[in-house]
Amino acid sequence: MMPMTKVKLATTDEIPEGGMIMRNHESLFVTLAKVDGRIYALDDICTHQDAPLHEGELGVYDDNPYMLTCPWHAAHFDIRNGTVEQDTPWASDTTTYDVEVQDNDVYVDL
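Our subject in this report is the structure included herewith. As the structure is a computational prediction, the values presented were derived from the model and not from experiment.

Now for the pairing of strand E4 (residues 38–43). When you tally the buried positions in E4, you get 5 out of 6 residues, the bulk of the element. Bridge count for strand E3 (residues 28–35) against E4 is 6 bridges, and the pairing is antiparallel. Its bridge partner being in E4, Lys34 is matched across the sheet by Ile39. Count of turn residues in the E3/E4 antiparallel hairpin: 2 residues, of which Asp36 carries a positive phi of about 55 degrees. Summarising the sheet, E4 and strand E8 (residues 96–97) pair through 2 bridges and their orientation is antiparallel. Counterpart to Ala41 in the pairing with E8 is Tyr97.

Below is the structure:
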């Protein structure tokens, strides 16, 4: 297993509250989401059929602000830990990454 590398992917101002952006680092696509001022990072590619998760919606599933709904087939992922909800058995859990904010910069352990 390769050691993780802390990479600056964005600034806090680039990620809207309740929204998402996508960043690419060395062919790894990462969704950055902000809920209640905290930033979360997870793989941008859906585990079902490779949909771009950053094009999905936050908070529409059960009015849960931490649930990301895939734009293609409505799989539901918890952005805090990557788990897929039980009502979407066609997808599997996704990878999440540790996030650290220093001043205005968002670093992700990749």
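We note that Asp36 has phi near 55 degrees; this positive angle belongs to a residue other than glycine. Relative to the assigned elements, Asp36 resides in the loop between E3 and E4. Residue classification places Asp36 among the exposed residues on the basis of a relative accessible area of 63%. Notably, Asp63 is not glycine yet its phi reads approximately 55 degrees, a positive angle. Relative to the assigned elements, Asp63 resides in the loop between strand E5 (57–58) and strand E6 (67–69).

Cut-offs used in this document
Residues numbered from 1 in each chain as written. Predicted model: local features only at pLDDT ≥ 70, side-chain atom pairs only at ≥ 80, totals over all residues. Heavy atoms only, no water. Buried < 20%, exposed > 50% of the residue type's maximum accessible area, 1.4 Å probe, protein only. Helix = DSSP H or I, 4+ residues; strand = E, 2+ residues; numbered from the N terminus. Pairing = 2+ DSSP bridges.

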